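Geometric and topological summary
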Amino acid sequence: MIIQMEFQWVLYLIVSYLVGGLMTGFLVAKLFKGHDLRVMGSGNIGARNAGRVLGPSGFVLTLAGDIIKAAAVVWAGIELGFPEHIQLLGFLAVIMGHLYPVFLRFHGGKGVASFIGGLIVFNWLSAVLVGVAFLLFYSIKRSLTVAGLFAFTLSPFFYWLLEKQWIETLILIPISLMVVYVQKDDIKERIMIRE
């Protein structure tokens, strides 16, 4: 029974990574316009570049797809009755799949929308606090990128305040830090602009 459960968990994590690697922006651009988003606009396959290249519909479809895939992974873990730490490992796997998709030679998106989607399903109160922190930081910095990343960094702290679960909090830390890390060039650019 234990071996069967562990096999289900491993399978869940593998599928979560593969779901994360289904890059919505890339698929939308290919299916609707025949474009390769990696060589257009900024070269990123996220919602912002999809909107720049494909228009508002491209932005909305990409944003929705990236949110839904992470939300679906966490929701599946809940519905299958997996422990919260396994749900969070699935969340970590879907984010890794989005950032480093095997289908696109490990060059993926920035993970912001997927992070939001997964966190909302896993613990919506933490997501609300992240939203409040975002609004506060934005009122100070006036930068969506910087405010968002500061708020994401605080998500493990918010979760711990609400739930007092150390294992889950420790798993949330690399999830949030990975999303922040891949934005490092954007952060440097915003800081240089301010200077």
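The present account deals with the structure reproduced in this document. Keep in mind that this is a model prediction, so the values were computed, not measured.

Along the chain, N49 falls in helix α3 (residues 47-54). A relative accessible area of 1% places N49 in the buried class.

This next bit is on the pattern of salt bridges. Evaluation of the coordinates by the stated rule reveals 1 salt bridge. One salt bridge in this structure joins D66 and K69, with 3.8 Å as the shortest N-O distance. Residue D66 and its partner K69 are located together in helix α4 (residues 56-79), separated by 3 residues, close to a single helical turn. Given the relative accessible area of 3%, D66 is considered buried.

Most often, soluble globular proteins have nonpolar side chains that are buried together. Counting residues in each nonpolar core, the largest one holds 31 residues, and the members touching the most others are F91, I95, F115 and I175. Those elements that provide at least two residues to this core are α1 (2-20), α4, α5 (84-99), α6 (112-122), α7 (124-141), α8 (144-153), α9 (155-163) and α10 (166-181). At 7 residues, the largest contribution of residues to this core is made by α5. Excluding residues within four positions of it along the chain, F115 makes contact with F91, I95, F152, S155, I175, S176 and V179. One finds M23, I45, A50 and L104 within the second-largest nonpolar core, a separate group that totals 9 residues.

Looking now at the environment of I173. Secondary-structure assignment places I173 in helix α10. Taking the relative accessible area as the measure of exposure, I173 reaches 32% and is therefore partly exposed. As a C-alpha pair, I173 and L154 span 19 residues in sequence and 8.9 Å in three-dimensional space.

Taken as a whole, the largest pocket holds about 1,100 Å³ of empty space. Lining the largest pocket are 43 residues, and of these R48, K110, V112, A113 and Q183 sit closest to its centre. Put simply, the parts of the chain that give the lining of the largest pocket at least two residues each are α3, α4, α5, α6, α7, α8 and α11 (184-194). With 7 residues, α6 is the largest single contributor of residues to the lining of the largest pocket. Partitioned by chemical class, the residues of the lining of the largest pocket number 21 nonpolar, 14 polar and 8 charged.

Turning our attention to the packing of aromatic side chains. Scanning all chains against the criterion turns up 8 aromatic pairs. Residues Y12 and F82 carry aromatic rings whose centres are separated by 5.1 Å and whose planes lie at 65° to one another, so their mutual orientation is edge-to-face. Linking Y12 in helix α1 with F82 in the loop between α4 and α5, this pair joins segments that are 70 residues apart in sequence. Residue class for F82 comes out buried when judged on its relative accessible area of 9%. When the centroid spacing of 4.8 Å and the interplanar angle of 45° are considered together, the rings of F115 and F152 count as tilted. Highlighted residues: F115 in helix α6 and F152 in helix α8, separated in sequence by 37 residues. An aromatic cluster of at least three residues, connected via ring pairs, comprises F91, F115 and F152. Above the plane of the ring of W160 lies K164, whose end atom (NZ or CZ) is 4.9 Å from the centre.

Rules used in this analysis
- Residues numbered from 1 in each chain as written.
- Predicted model: local features only at pLDDT ≥ 70, side-chain atom pairs only at ≥ 80, totals over all residues.
- Heavy atoms only, no water.
- Helix = DSSP H or I, 4+ residues; strand = E, 2+ residues; numbered from the N terminus.
- Buried < 20%, exposed > 50% of the residue type's maximum accessible area, 1.4 Å probe, protein only.
- Salt bridge = Lys/Arg side-chain N within 4 Å of Asp/Glu carboxyl O.
- Core = buried A, V, L, I, M, F, W, Y, C linked by side-chain atoms within 4.5 Å.
- Contact = heavy atoms within 4.5 Å.
- 1 Å grid on protein atoms, 1.4 Å probe; cavity = no way out; pocket = protein on both sides within 12 Å on 5 of 7 lines; lining within 4 Å.
- Points joined across faces, edges and corners; volume = space filled by probe spheres on them.
- Nonpolar A, V, L, I, M, F, W, Y, C, P; charged D, E, K, R; others polar.
- Phe/Tyr/Trp six-rings, centres within 6.5 Å; stacked < 30°, edge-to-face > 60°.
- Lys NZ or Arg CZ within 6 Å of the ring centre and 35° of its normal.

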